[in-house]
Amino acid sequence: MATLRAAGLPIEASSGAGYRLLWPTQLLDRERIVAAIADDDSPAAAAPVELHWELDSTQDELARRLGELPDLAVVLAEQQTLGRGRRGRGWHSPPGMGIALSCLKRFGGSPAALSGLSIAMGVSVVQALASLGVPDLCIKWPNDVVARGGKLAGVLIEISGEYDGPCIARVGVGVNVRLPAAVAASLDQPATDLASLCGGEPPDRNRLAARLIGHLRRGLLDFERTGLKPFAEAFAPLDALADARLAVHGVQDIREGVGRGIDERGALRVQTERGVFALLSGEVSVRRR
Ligand code: BTN
């Protein structure tokens, strides 16, 4: 009990009745995920899917095994001890309460050619969630999935390889299925979870994992074939920063402006008094004012 509590699971002790979880908890099951991927007629259904009870980070597991795993291999972990988010943040999700997975994809071109991949992967995650009936989804550039003012899911893309290619992308996705209040309180931004958005009944976790895997794999293959354009079109109506007043926190300064969509590289266009500038890096933080 102490170990599970330390991992962040909300466990109640009731006098005489032992312990109980605050919610019914469904653990991930690799066979069910693989069967649901096949049911969905997802691309690359034969590529490996691994499920671990605990890893440091699914991103790090892929990095350790780059030489061994084929394209579109997926690693899932029920819990991560060193889950990472963008911009040096951590990503914390107790066992049974979220989805944490990473997918590997090799590209023939240079890392610079992947500047739009962040957008493509955010759109793919939204499409997976929307296909399960999750309402009110939008994307805060470049790829935070938000709903009703809280962050629901995040995408971390790490790229290794040569300056002029080829390169390897590791696409990590974390989704809050049930976010315990203590975890939510420890975050530096408002967050939400599928349980709240779906009237207390989040989608089946195995089906959700399969749907995410199918959409990410299809998104990676489509991005390789078509580039950013179709994803940019899908992004526009989801853009949470469109026409919003923004403060862009850079390393040295804070600039103010209004969000004006993205350009052909996936950079955020911000209109200021001195004209429109494009922000290519997700390493700066953009806040609504
Ligand atoms: C963010 O919004 O900051 C990105 C969060 C990404 C979290 C996922 S969970 C699976 C994968 N493994 C990690 O360590 N991080 C990503």
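For clarity, every value in this text was computed on a predicted model and none was experimentally measured.

The rules behind the values
- Residues numbered from 1 in each chain as written.
- Predicted model: local features only at pLDDT ≥ 70, side-chain atom pairs only at ≥ 80, totals over all residues.
- Heavy atoms only, no water.
- 1 Å grid on protein atoms, 1.4 Å probe; cavity = no way out; pocket = protein on both sides within 12 Å on 5 of 7 lines; lining within 4 Å.
- Points joined across faces, edges and corners; volume = space filled by probe spheres on them.
- Helix = DSSP H or I, 4+ residues; strand = E, 2+ residues; numbered from the N terminus.
- Nonpolar A, V, L, I, M, F, W, Y, C, P; charged D, E, K, R; others polar.
- Domains from an automatic or database assignment.
- Pairing = 2+ DSSP bridges.
- Axes fitted to C-alpha atoms, helices over the stretch in contact; angles between N-to-C directions.
- Contact = heavy atoms within 4.5 Å.
- Polar contact = N/O pair within 3.5 Å; in protein donor to acceptor, adjacent residues only side chain to side chain.

## With respect to the layout of surface pockets
Right, so step 1: Here the largest pocket is characterised by a volume of approximately 900 Å³.
Right, so step 2: Lining the largest pocket are 47 residues, and of these R89, D144, K151, Q189 and P190 lie nearest its centre.
Right, so step 3: Those elements that place two or more of their residues in the lining of the largest pocket are α3 (58–64), β5 (98–107), β6 (137–140), β7 (144–147), β8 (150–161), β9 (167–176) and β14 (285–288).
Right, so step 4: Residue contributions to the lining of the largest pocket peak at five residues, all from β8.
Right, so step 5: Counted by class, the lining of the largest pocket contains 19 nonpolar, 17 polar and 11 charged residues.
Right, so step 6: Viewed by domain, the lining of the largest pocket spans two of them, domain 1 (25–237) and domain 2 (241–288), each represented by three or more residues.

## Notes on empty space enclosed by the protein
Right, so step 1: Tallied over the entire structure, the rule returns one cavity of 30 Å³ or more.
Right, so step 2: Only β4 (74–80) and β5 provide two or more residues apiece to the lining of the largest cavity.
Right, so step 3: Here the lining of the largest cavity takes four residues from β4, the largest share from any one element.
Right, so step 4: Looking at the lining of the largest cavity residue by residue, the classes come out as four nonpolar, five polar and one charged.

## A look at the sheet that holds strand β3 (residues 49–55)
Right, so step 1: Spatial ordering of the open sheet is given by β3-β4-β5-β9-β8-β7-β6, a layout of seven strands whose pairing is mixed. At either end of the open sheet lies a strand with only one pairing partner, and these are β3 and β6. When the angles between neighbouring strand axes are averaged without regard to direction, this sheet yields 20 degrees.
Right, so step 2: Here six bridges tie β3 to β4, and the two strands are oriented parallel to one another. Note that in β4 the partner of V49 across the bridge is V74.
Right, so step 3: Along the sheet face, helix α4 (residues 117–130) touches β5, β6, β7, β8 and β9 and points at about 140 degrees away from the line of β8.
Right, so step 4: The sheet strands contacting helix α7 (residues 205–226) are β3, β4, β5 and β9, and the helix crosses β5 at an angle near 20 degrees.

## Some remarks on the side chain of K151
Right, so step 1: On the secondary structure map, K151 appears in strand β8.
Right, so step 2: There is a polar contact of 3.0 Å between the side chain of K151 and the side chain of D144.
Right, so step 3: Once residues lying within four places of it in the same chain are set aside, the contact partners of K151 are W91, D144, V145, V146, N176, Q189, P190, A191 and T192.

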